[in-house]
Amino acid sequence: MLSQLFSRKPKYQSLVAARAVTVIDKVIYDVGIDALVGGTFVLDKKFRLRFVGAPMQLNAQVHAAVKVSEIAEAALFRGLGYDEPIASTTLKQHAAVLAQAVVRELGTRSPAFGALPATAG
């Protein structure tokens, strides 16, 4: 599983979703929820998922990009306040929902990615 997750070209959309969850968690803990919602997920020509926190120009090396703020499921994160600590289970649930939304949006923007099977089997 780990070799497929970090391979150059994922064979399944579910591997990209798993990567998205990892990236979402890392961004939240490293730079915060606001940076996550203000950033962009980029899918390169090798189907590698990247997160970019700064404005960027799309180029020939990019299959698709989606701004997190444009995803309806990002509202889950906007509702999380800073007044109280956020339970890690809540963050994990929200991250999984957002990751699936990222995959959905990338699939609609990239026919090549949308053509990949959702899961093995």
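Please read all numbers here as calculations on a predicted model, not as lab measurements.

Conventions and cut-offs
Residues numbered from 1 in each chain as written. Predicted model: local features only at pLDDT ≥ 70, side-chain atom pairs only at ≥ 80, totals over all residues. Heavy atoms only, no water. Salt bridge = Lys/Arg side-chain N within 4 Å of Asp/Glu carboxyl O. Buried < 20%, exposed > 50% of the residue type's maximum accessible area, 1.4 Å probe, protein only. Axes fitted to C-alpha atoms, helices over the stretch in contact; angles between N-to-C directions. Helix = DSSP H or I, 4+ residues; strand = E, 2+ residues; numbered from the N terminus. Parallel < 35°, antiparallel > 145°, perpendicular 65-115°, else oblique. Left-handed = near helix turned anticlockwise from the far one by under 90°. Contact = heavy atoms within 4.5 Å. Nonpolar A, V, L, I, M, F, W, Y, C, P; charged D, E, K, R; others polar. Pairing = 2+ DSSP bridges.

A.B. asks: Help me understand the pattern of salt bridges, please; the structure alone is not making it clear to me.
C.D. replies: When the charged atoms of two side chains lie near each other, side chains of opposite charge can form a pair. Taken as a whole and judged by the stated rule, the model has seven salt bridges. In this structure, the salt-bridge partner of Arg50 is Asp44, at a minimum N-O distance of 3.7 Å. We classify Arg50 as partly exposed; its relative accessible area is 39%. Judged by relative accessible area, Asp44 falls into the buried class, the value being 10%. One network of salt bridges, with partners in common, ties together Glu70, Glu73, Arg104, Glu105 and Arg109.

A.B. asks: Looking at this model, I keep getting lost on the packing of helix α2 (residues 13-31) against helix α5 (residues 88-109). Mind explaining?
C.D. replies: Each pair of packed helices gets described by two things: the angle between the helix axes and the distance between those axes. Interaxial distance between α2 and α5 falls to 8 Å at its minimum, and their mutual angle equals 135°. On the basis of the axis angle, α2 is oblique to α5. As for how α2 packs across α5, the hand of that crossing is right-handed. Along the contact surface, α2 presents Gln13, Val16, Ala17, Ala20, Val21, Ile24, Asp25, Ile28 and Tyr29, while α5 presents Ser88, Leu91, Lys92, Ala95, Ala96, Leu98, Ala99, Gln100 and Val103. Grouping the amino acids of the contact of α2 with α5 by side-chain chemistry returns 13 nonpolar, three polar and two charged.

A.B. asks: Explanation requested: the sheet that holds strand β2 (residues 49-52) in the structure shown.
C.D. replies: Strand-to-strand pairing in sheets goes through backbone hydrogen bonds, with the strands running parallel or antiparallel. The sheet built from three strands is open, its strands ordered β2-β1-β3 with antiparallel pairing. Strands with a single pairing partner mark the edges of an open sheet, and in this sheet they are β2 and β3 (62-67). Within the sheet, the average angular offset between the axes of one strand and its neighbour, ignoring direction, is 25°. In this sheet, β3 lies alongside strand β1 (residues 40-44) in antiparallel orientation, the contact comprising five bridges. When the bridges of β3 are listed, Leu43 appears paired with Ala64. Its contacts with the sheet put α2 on β1 and β2, and the angle it makes with β2 is roughly 25°. Each of β1, β2 and β3 touches α5; the most contacted strand, β3, lies at about 130° to it.

A.B. asks: What exactly am I supposed to notice about unusual backbone geometry here?
C.D. replies: Outside of glycine, negative phi angles account for most residues, and trans bonds account for most peptide bonds. Backbone geometry at Phe47 places phi at a positive 60°, although glycine is not the residue there. Summarising the element assignment, Phe47 is placed in the loop between β1 and β2. Residue classification places Phe47 among the buried positions, given a relative accessible area of 5%.

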